[in-house]
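# Secondary and tertiary structure notes
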Amino acid sequence: MRRQAKLWILFVTLWTCALAETRAGLVSDIVNQVSQSSYQFYLDNLLYAHNGDNRGLGGAQHDLAQANIYNQFVSYGLQTSLDPFPYNGNTYYNVVGVLPGTSRASQFYIVGAHYDSVGNPGADDNASGVAGVLEAARVLSQYEFEASLVFIAFDREEQGLFGSQDYASEHWSDDIRAMISLDMIGYNHLGGNTASIYGRAAALPLKQALADAIAAYGEGLTASIFGQWDVSDHAPFGWQGFHACLLIEGGWAHNTNYHKLTDSVDTPGFIDYQFATRITRSTVGYLATVAVLVPEPVAAALFGSGLVWLILLRRTRRR
Ligand SMILES: [Zn+2]
């Protein structure tokens, strides 16, 4: 084979590899790694959301769920910690996992969900949100982003947002660009596939960007934007002046299992895993967009070497 032909084959091979790697870096390709079976595994097997389970104050499964969340964050390679805070004379813990940004590490995008319940299995409220945070963390932790991503499972939400209040006030001077609370994302009333976004007027850019991500990645989900409603862990972030919002199932007002023992993954037809996965996909799409993907070194190197080959070949031809 002529030397020129060999070079061309090498060049085409490298170029094809580089293109494939770059395509994998598109936001839609990241979103497409969000998996319903993975989401369902977390909700059904790691978060104690079955009949008889209790993640409430003093509940037998509360600390077990906390340990599972912690271990999952560690397994994703996140900088994982238990963030202590006081409540009613005792110490409780938020579980925090950080994926540090490469070039804008001091800018933070947070997605959180409370893992405590009202003394019930709390499948929809709020193991459904925690499973979304876990799945988002699993997928996003496989990439590098310019800004930092923070995944938090909050505790003592049900007593009055105590875990998120502590975190937001401790981090008041941080550059938190956005905070999303996933709280009740598993009940799809009448199969309507609607999601609702609540937050202060100041958070309108965040609310709009999240609605855009739902339109782009929600596989048919539709979002409605509403005003301030300080009922979940986004609220303390808003009080500190950060852009924060609640992402919740659109049909929450029709959820007859709310705060009951029947808020369980064992209640037939109650949890819609596909719907919850769509909300998770949308959240991942938003985060991957705003945190800005860093091209993988392999892809960058292949692109670079491809360009060098191209230049060398052109120079060889001209001679
Ligand atoms: Zn809740």
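One can find the structure itself at the top, above this paragraph.
Before going into details, it helps to say that this report is about the structure given with it.

Direction vectors running N to C along helix α3 (residues 36-46) and helix α9 (residues 273-291) enclose 110°, while the axes themselves pass 9 Å from each other. Considered as vectors, α3 and α9 are oriented roughly perpendicular to each other. Each of Gln36, Tyr39, Gln40, Leu43 and Asp44 in α3 lies in contact with α9, whose residues at this interface are Tyr273, Gln274, Ala276, Thr277 and Thr280. Within the contact of α3 with α9, the residues separate by chemical class into 4 nonpolar, 5 polar and 1 charged.

Oppositely charged side chains can pair when the atoms bearing their charge come close. In total, this model carries 6 salt bridges according to the counting rule given. For Glu135, the salt bridge identified is with Arg138, shortest N-O distance 2.8 Å. Of this pair, Glu135 and Arg138 both sit in helix α5 (residues 123-140), 3 residues apart, which is roughly one turn of the helix. Notably, a salt bridge pairs Glu219 with Arg278, separated by 3.6 Å at the nearest N-O pair. Of the two residues, Glu219 sits in the loop between α7 (204-217) and β7 (222-225) while Arg278 sits in helix α9, which places them 59 residues apart along the sequence. For Glu219, a relative accessible area of 45% translates into the label partly exposed.

At their nearest, the axes of α3 and α5 sit 9 Å apart, and the two run at 130° to each other. When the axis of α3 is compared with that of α5, the two are oblique. Crossing of α3 over α5 shows right-handed handedness. Within the contact between the two elements, α3 uses Ser38, Tyr39, Tyr42 and Leu43 and α5 uses Ala123, Ala127, Ser128, Ala131, Gly132, Leu134, Glu135 and Arg138. The residue makeup of the contact of α3 with α5, split by class, is 7 nonpolar, 3 polar and 2 charged.

The subject of this paragraph is the coordination of the zinc ion. Coordination sphere of the zinc ion, protein contribution only: His114 (NE2), Asp125 (OD), Asp183 (OD) and Asp183 (OD), at 2.0 to 2.7 Å. Seen from the zinc ion, its 4 donor atoms lie at angles of 51 to 146°, and the figure they make is irregular. Every donor residue of the zinc ion comes from the same chain, spaced as H-x10-D-x57-D. Linking His114 in strand β3 (residues 104-114) with Asp183 in the loop between β5 (175-182) and β6 (194-198), this pair joins segments that are 69 residues apart in sequence. With respect to burial, His114 and Asp183 carry one shared label: buried.

Take unusual backbone geometry next. Residue Asp125 is joined to Asn126 through a cis peptide bond whose omega torsion reads 5°. Mapped onto the elements of the fold, Asn126 is located in helix α5. One non-glycine residue, Arg156, lies in the positive phi region at around 55°. Within the element layout of this structure, Arg156 appears in the loop between β4 (147-154) and α6 (162-170). In this structure, Leu161 is a non-glycine residue whose phi angle is positive, near 60°.

So, how was this worked out
The numbers attached to residues start from 1 for each chain and follow its sequence in the written order. Totals for whole chains, interfaces and linings use every residue, but because this is a predicted model, local features are given only for residues with pLDDT of at least 70 and side-chain atom pairs only at 80 or more, for both listing and counting. As a rule here, side-chain values cover all heavy atoms of the structure and leave hydrogens and water aside. Between N-to-C directions, angles cover 0 to 180 degrees, with each direction set by a line fitted to C-alpha atoms, over the stretch in contact for helices. Runs of E in the DSSP output that reach at least two residues are strands. Runs of H or I that reach at least four are helices, and both are numbered from the N terminus. Working definition: roughly parallel below 35 degrees, roughly antiparallel above 145 degrees, roughly perpendicular at 65 to 115 degrees, and oblique for all remaining angles. Contacts are assigned to residue pairs that have any heavy atoms within 4.5 Å of one another. Amino acids outside the nonpolar list (Ala, Val, Leu, Ile, Met, Phe, Trp, Tyr, Cys, Pro) and the charged list (Asp, Glu, Lys, Arg) are all regarded as polar, and Gly is one of them. The working definition used for a salt bridge is a side-chain nitrogen of Lys or Arg within 4 Å of a carboxyl oxygen of Asp or Glu. Think of it in three bands: with a 1.4 Å probe and only protein chains considered, a residue is buried below 20% of the maximum accessible area for its type, exposed above 50%, and partly exposed in between. Handedness of a crossing follows from how the near helix is turned relative to the far one, being left-handed for an anticlockwise turn of less than a right angle and right-handed for a clockwise one. Metal coordination here is assigned from N, O and S atoms located within 2.8 Å of the ion, or within 3.2 Å for Na, K and Ca; omission of water means that sites may look incomplete. Angle rules define the geometry names used: all angles between 85 and 135 degrees makes four donors tetrahedral, while opposite donors over 155 degrees apart and all other angles between 65 and 115 make four donors square planar and six octahedral, leaving every other case irregular.

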